[in-house]
Amino acid sequence: MRSVYQNDETAEQEDWFVTEQEHRRMERRRREAARRRRAKAIRKRRIVLFIMELFILLLLLGVVFIVTKLQRINKTDLDMDKVEVNEGISQEAQEVMKGYKTIALFGLDNRSNGNLSKGRSDVIIIANINNDTKEVKLVSVFRDTFLDVGEGSFQKCNAAYAKGGPEQALTMLNKNLDLNITDYVTVDFEAIVECVDLLGGITIPEMTDDEASLTWGYIKEINELTGHKSPYLDKGGTNVELDGVQACAYARIRYTAGNDYRRAERQREVLEAMVEKAQQSDILTVNKVINQVFGDIETSFSNAELVAMAAQMFNYKISDSTGFPFSKTTRIVSKKKGDVVIPCDLSVNVSLLHQYLFEDEEYTVSDTVKKNNDLIIKETGVGLEDRD
């Protein structure tokens, strides 16, 4: 017969055994929970790492894609020793100009020499970008404007590109207009045809019947040069749809009301319509444009600069455009120099240009501009009072 003491001892042993079992079960559950948490954390880290790796891979692929596309553009390292800027521009004016990015755009017909570094520039446009608002103003410099194209030689300003390439063309703009342009983009006319076609055409707000009929000769010529079969325009109208050949022909019309002034305005219309259409296009269309057109472009911009500008493409907005000179007349200066556009006078026009581009109401022109102004008056006999 067991004693009370033995019964108590047995009960204590049983309680201890139960407690020990429960402790072991709890410990196993704790370890299992910890193992699951570690496994979950590892899986989460792996997912995060995978996403990061995928993001980095896509980013690298994007960079490679962009750089590969940009390699199609002809890059030029400008000889900056040959790009001149006027001395004597006030510190205040220079500070104002730093708030803008000013670029020269040149359009060439290079079928005669096969490159974009020589030839007369039929299109000269100053594109001025406000760095804060991203608004863009375009100024067409009339190609027959009588300016110093280098070394004191006054003639039609489009001769500067033919004489010394982009360096001399930039110097011509800087020295005559008190600007500080160090970058340019040059395109061949055929690039306009290709670009407009790939964008699906452009819309011109208004075209006269006279303008429509005058495109015929240009359409015929461009069709023969490019192998296109673009139709002739029957008449003008509002919201006229143009294909690449028609758009290029429209931009090249010269002998109509307004002469070269209206011609420069048409060029800006085509450029503005192309920018608007490009901003509305999908990535596949943009890629086609890049593949087809970039080979017909030459620029001083580096790939890094082009990427930075491309990132802002949809933020840019062309706010206004005009032609230069504002105050002008035309004269036949000589048999050799022909019929030219004469600023009346250059100093006044340059002051107005800085008001337009940089909103600098107090701008005072440099001594170089004043000197050029005097030389233009001396050679042409035309002054401020002779403006049209």
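Refer to the preceding data block for the structure.
An account of the accompanying structure is given in this report.

About the cut-offs
Residues numbered from 1 in each chain as written. Predicted model: local features only at pLDDT ≥ 70, side-chain atom pairs only at ≥ 80, totals over all residues. Heavy atoms only, no water. Salt bridge = Lys/Arg side-chain N within 4 Å of Asp/Glu carboxyl O. Helix = DSSP H or I, 4+ residues; strand = E, 2+ residues; numbered from the N terminus. Buried < 20%, exposed > 50% of the residue type's maximum accessible area, 1.4 Å probe, protein only. Phe/Tyr/Trp six-rings, centres within 6.5 Å; stacked < 30°, edge-to-face > 60°. Lys NZ or Arg CZ within 6 Å of the ring centre and 35° of its normal.

## So, the pattern of salt bridges
Counted by the stated rule, this structure contains 11 salt bridges. The closest approach of N and O atoms between R143 and D122, which form a salt bridge, is 2.8 Å. Remark: D122 occurs in strand 3 (residues 121-130) and R143 occurs in the loop between strand 4 (135-141) and strand 5 (146-148); sequence separation between them is 21 residues. Owing to a relative accessible area of 14%, R143 belongs among the buried residues under this scheme.

## Re unusual backbone geometry
In this structure, P325 follows F324 across a cis peptide bond, with omega equal to 5 degrees. Of note, the phi angle at K134 is positive, near 65 degrees, even though the residue is not glycine. When its relative accessible area of 21% is taken as the criterion, K134 is described as partly exposed. Its identity as a non-glycine residue notwithstanding, E359 has a phi of 55 degrees, on the positive side. Looking at the secondary structure, you find E359 in the loop between helix 10 (346-358) and helix 11 (367-380). Judged by its relative accessible area of 59%, E359 is exposed.

## Here's the deal with the packing of aromatic side chains
Under the counting rule described, the total for this entry stands at 8 aromatic pairs. For the pair F106 and Y161, a centre-to-centre distance of 5.1 Å together with 65 degrees between the ring planes defines the contact as edge-to-face. Remark: Y161 occurs in helix 3 (residues 159-177) and F106 occurs in strand 2 (residues 100-108); sequence separation between them is 55 residues. For the pair formed by F106 and Y161, the shared burial category is buried. On the basis of an interplanar angle of 20 degrees and a centroid distance of 4.7 Å, the ring pair of W216 and Y232 is categorised as stacked. In this pair, W216 is assigned in helix 5 (residues 209-226) and Y232 in the loop between helix 5 and strand 9 (237-242), connecting sequence segments 16 residues apart. For Y232, a relative accessible area of 36% puts it in the partly exposed group. What links up through ring pairs into an aromatic cluster is the set F106, Y161 and Y184. Against the face of Y250 rests R266, its NZ or CZ located 5.9 Å from the ring centre. One residue, K328, lies across the ring of Y261, its end atom 4.6 Å from the ring centre.

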